[in-house]
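Architecture and fold: a report
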Amino acid sequence: MDQGADYIVTQYFYDNGFYYDYVDKCRKIGIQVPIIPGIMPVYTIKMTQMLCKVCGAKIPGKLKMRLDAVDESDKDEVLRMGIDFAIEQCQDLLQHGVPGLHFYTMDRRKSTSEIITHLREKNLL
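Residues numbered from 1 in each chain as written. Predicted model: local features only at pLDDT ≥ 70, side-chain atom pairs only at ≥ 80, totals over all residues. Heavy atoms only, no water.

**Some remarks on unusual backbone geometry**
Among all residues save glycine, negative phi is the norm, and among peptide bonds the norm is trans. With a phi close to 60 degrees, D107 is a non-glycine residue in the positive phi region. Along the chain, the position of D107 falls in the loop between β3 (102–103) and α5 (109–121). Although it is not a glycine, N123 sits at a positive phi angle of roughly 60 degrees. Its location among the elements puts N123 in the segment after α5. Looking at N123, the relative accessible area reads 68%, which means it is exposed. (Helix = DSSP H or I, 4+ residues; strand = E, 2+ residues; numbered from the N terminus. Buried < 20%, exposed > 50% of the residue type's maximum accessible area, 1.4 Å probe, protein only.)

Shown next, in the form of structure tokens:
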């Protein structure tokens, strides 16, 4: 911020509580720029688990239950679950007044396109 940043983009997360806590901590120390949440839909279970391990992101219980309930070999089912989870996550964030959303697409536009379409249909974007 001291170097002139106009906004912050967070690392991706699957538990919105982490974002809300981070924003509160930033505001308490005087950081007032917009803080844009990073969203990464589940694309594959293996990728999600590996990236969480590398990045330190946590898989909350409600997502773990969904991951455990899908057939990892059914790529369409996994993708659908990931889209649905991300839609719910984004709806909550937008209803809490976030200044925008940043999607980590990993060169996979289908999920993000569906999420954005759904959010527009709900008049959240």
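**Considering the packing of aromatic side chains**
For any pair of aromatic rings, the description rests on two quantities: the centre-to-centre distance and the angle between the ring planes. One pass over the structure, following the stated rule, counts five aromatic pairs. With centroids separated by 5.5 Å and ring planes inclined at 70 degrees, the aromatic side chains of Y12 and Y14 adopt a geometry described as edge-to-face. Across the pair, Y14 and Y12 agree in class, each one buried. Judged by centre distance (5.8 Å) and plane angle (20 degrees), the ring pair of F13 and Y19 falls under stacked. We note that F13, like Y19, is buried. (Phe/Tyr/Trp six-rings, centres within 6.5 Å; stacked < 30°, edge-to-face > 60°.)

**What about the sheet that holds β3?**
In a beta sheet, neighbouring strands are held together by backbone hydrogen bonds and run either parallel or antiparallel to one another. An order of β1-β2-β3 is seen for the three strands of this open sheet, with the pairing classed as parallel. One side of each edge strand has no neighbouring strand; the edge strands of this open sheet are β1 (8–12) and β3. Taken together, the two bridges between strand β2 (residues 35–39) and β3 define a ladder with parallel strand orientation. Residue pairing in the sheet places I39 in a bridge with F103 of β3. Against the sheet, helix α4 (residues 75–95) touches β2 and β3, its axis set at about 170 degrees to β2. (Pairing = 2+ DSSP bridges. Contact = heavy atoms within 4.5 Å. Axes fitted to C-alpha atoms, helices over the stretch in contact; angles between N-to-C directions.)

**Regarding the packing of helix α3 (residues 61–69) against α4**
The contact between α3 and α4 brings their axes to 10 Å, and the two run at 160 degrees. Between α3 and α4, the interaxial angle falls into the category roughly antiparallel. As α3 packs across α4, the resulting crossing turns out to be right-handed. Together, K62, L63, R66, L67 and A69 of α3 and E77, M81, D84, F85 and E88 of α4 make up the contact between the two elements. Classifying every residue of the contact of α3 with α4 by side-chain character gives five nonpolar, no polar and five charged. (Parallel < 35°, antiparallel > 145°, perpendicular 65-115°, else oblique. Left-handed = near helix turned anticlockwise from the far one by under 90°. Nonpolar A, V, L, I, M, F, W, Y, C, P; charged D, E, K, R; others polar.)

**As for the side chain of N16**
Summarising the element assignment, N16 is placed in helix α1 (residues 16–28). Looking at N16, the relative accessible area reads 9%, which means it is buried. A distance of 2.8 Å separates the side chain of N16 from the side chain of D92, its partner in a polar contact. Every residue in contact with N16, bar those within four places of it in the chain, is listed here: Q89, D92 and L93. (Polar contact = N/O pair within 3.5 Å; in protein donor to acceptor, adjacent residues only side chain to side chain.)

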